[in-house]
Amino acid sequence: MRSLYGASFDDLSPKAEDLAGIDILVIDLQDVGSRYYTFVWTAVLAMRACVRAGVDVLVLDRPNPIGADPERIEGRRQVPAMCSFVGLEPLPVRHALTLGEIVAWRAEVEAVPARMVSVLHATGLDRAESAPSWDRPFVMPSPNMPAYDTALVYPGGCLLEGTNLSEGRGTTRPFEIVGAPWIDGARLADDLDMLALPGFRPRALAFVPTFHKHAGVKCGGVQIHVTDAAAFRPYATYLALIALARAQDPRRFGFRTEKYEFRDDVPALDLLTGSVEAREGIVRGDPPLQIAESASAVDEADRAVVKLAVEAGRARSMG
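> An account of the overall build of the protein chain is needed here, citing residue identities and associated values.
The secondary structure content of the protein chain amounts to ten helices and six strands. Its C-alpha atoms give the protein chain a radius of gyration of 20 Å, within 12% of the compact-globule value 20 Å for 319 residues. Dimensions of the protein chain, computed from C-alpha atoms along their principal axes, come out at roughly 60 × 40 × 35 Å. Burial analysis of the protein chain (319 residues in total) assigns 55% to the buried set. Roughly 13500 Å² of accessible area belongs to the protein chain as shown, and the carbon and sulfur atoms make up 53% of that amount. Here the protein chain holds 34 positive side-chain charges and 42 negative ones, and the gap between their average locations is 3 Å.

> Break down helix H8 (residues 277-284) for me, citing the residues and quoting the values.
Restricting attention to buried positions, one finds in H8 the residues Ala278, Arg279, Gly281 and Ile282. Down the axis, H8 shows its buried residues gathered within 165 degrees of arc, on one side only. Next to the buried residues of H8 lie helix H6 (234-248), helix H7 (268-273) and helix H9 (288-296).

> An account of the pattern of salt bridges is needed here, citing residue identities and associated values.
Scanning all chains against the criterion turns up 23 salt bridges. Note that glutamate 108 is salt-bridged to arginine 316, the shortest N-O span being 2.7 Å. With glutamate 108 in helix H3 (residues 99-109) and arginine 316 in the segment after helix H10 (300-315), this pair connects stretches of sequence that are 208 residues apart. Taking the relative accessible area as the measure of exposure, arginine 316 reaches 5% and is therefore buried. Here aspartate 286 and arginine 284 are joined by a salt bridge, their closest N and O atoms 2.7 Å apart.

> Tell me about the sheet that holds strand E3 (residues 117-120), residues and numbers included.
Ordered in space as E1-E2-E3, the three strands form an open sheet in which the pairing is parallel. The open sheet is flanked by strand E1 (24-27) and E3, the only strands paired with a single partner. Strand after strand, the sheet turns through a mean of 20 degrees between neighbouring axes, direction not considered. Of the strand pairs in this sheet, E1 and strand E2 (residues 56-60) are connected by four bridges, and their pairing is parallel. When the sheet's bridge partners are listed, valine 26 is paired in E2 with leucine 58.

> Go over the sheet that holds strand E5 (residues 200-207) with me, naming the residues and quoting the values.
Two pairing modes exist for strands in a sheet, parallel and antiparallel, and in both the strands are linked by backbone hydrogen bonds. Pairing is antiparallel across the open sheet formed by three strands, whose spatial order is E4-E6-E5. Two strands bound the open sheet, and with one partner strand each, they are strand E4 (177-180) and E5. Strand-to-strand twist across the sheet, computed as the mean angle between neighbouring axes with direction ignored, equals 25 degrees. Of the pairings in the sheet, the one linking E4 to strand E6 (residues 219-226) comprises four bridges and is antiparallel in character. Each bridged residue has a counterpart across the sheet, and for alanine 180 the counterpart in E6 is glycine 220. Along the sheet face, helix H5 (residues 185-195) touches E5 and E6 and points at about 170 degrees away from the line of E5.

Conventions and cut-offs
- Residues numbered from 1 in each chain as written.
- Predicted model: local features only at pLDDT ≥ 70, side-chain atom pairs only at ≥ 80, totals over all residues.
- Heavy atoms only, no water.
- Helix = DSSP H or I, 4+ residues; strand = E, 2+ residues; numbered from the N terminus.
- Rg over C-alpha atoms; globule rule 2.2 N^0.38 Å.
- Buried < 20%, exposed > 50% of the residue type's maximum accessible area, 1.4 Å probe, protein only.
- Areas by Shrake-Rupley, 256 points an atom, 1.4 Å probe, with all protein chains shown as cover.
- Lys, Arg positive; Asp, Glu negative; His and termini not counted.
- Charge placed at Lys NZ, Arg CZ, Asp CG, Glu CD.
- Arc of directions from axis to C-beta.
- Contact = heavy atoms within 4.5 Å.
- Salt bridge = Lys/Arg side-chain N within 4 Å of Asp/Glu carboxyl O.
- Pairing = 2+ DSSP bridges.
- Axes fitted to C-alpha atoms, helices over the stretch in contact; angles between N-to-C directions.

The structure is reproduced here in structure tokens:
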């Protein structure tokens, strides 16, 4: 067994000796539809290692649990300087793609011979459908991704990792529960309600994380309850939430500046959002809705990348 995670960026790729004697590498991983979820970048790095070693790759694709409707993409692509393990290549945050399509996209862009990288897609699916339509359980792909509800909020909820707010790790509802010891949950819920962003209700609560940020300390905050998955905009919602939380106590609120996903030269929130824009807007005290709308909007170039990935997936399909 060889782990593809470790202390350095080099540990994220298979070594030549790991691939010795292998004819084909089969990749079978469940992605959750957000650029930050690193399984897809592990797959891309493994594909690149295989190409260098002359090993073929077959991706056993799985549907996107939060849906693959291209009208639902959200959050602009990173500027090149902000690429990292939470986004090795420029891609919208909520990308509406499958892991296989992303691997195929990189194979096409990097001119990998078609015979070397192929994708076996799931068939008979409507791209707009999400996990609740599949008539089967959601099996958690990692410990802090326990349910479909987690995946649904994750395109926004992961942004909390770039701050000193608890993202609910150490509770049973990670990324849905948000807070910190200095947060007034009722005020935060009311402020979120006033923005009238669609598809969710914030509920004030108090919680004590059992591990990770603020472990063992009572936190005030909110739980995000999605009421309309089709209307919900996770990226915009959580950016606004972060701006509102900072406004409550700018002195105690903080952005993460220590090493994050193997980089220590850029604040973590910038790596996650893909630019300095959102963080600088929050620090200036720009209106939360303005910050959310600006950073979450996508343009035709973002949509073109998604379209290219879908086409690449078709081109490299085994059936």
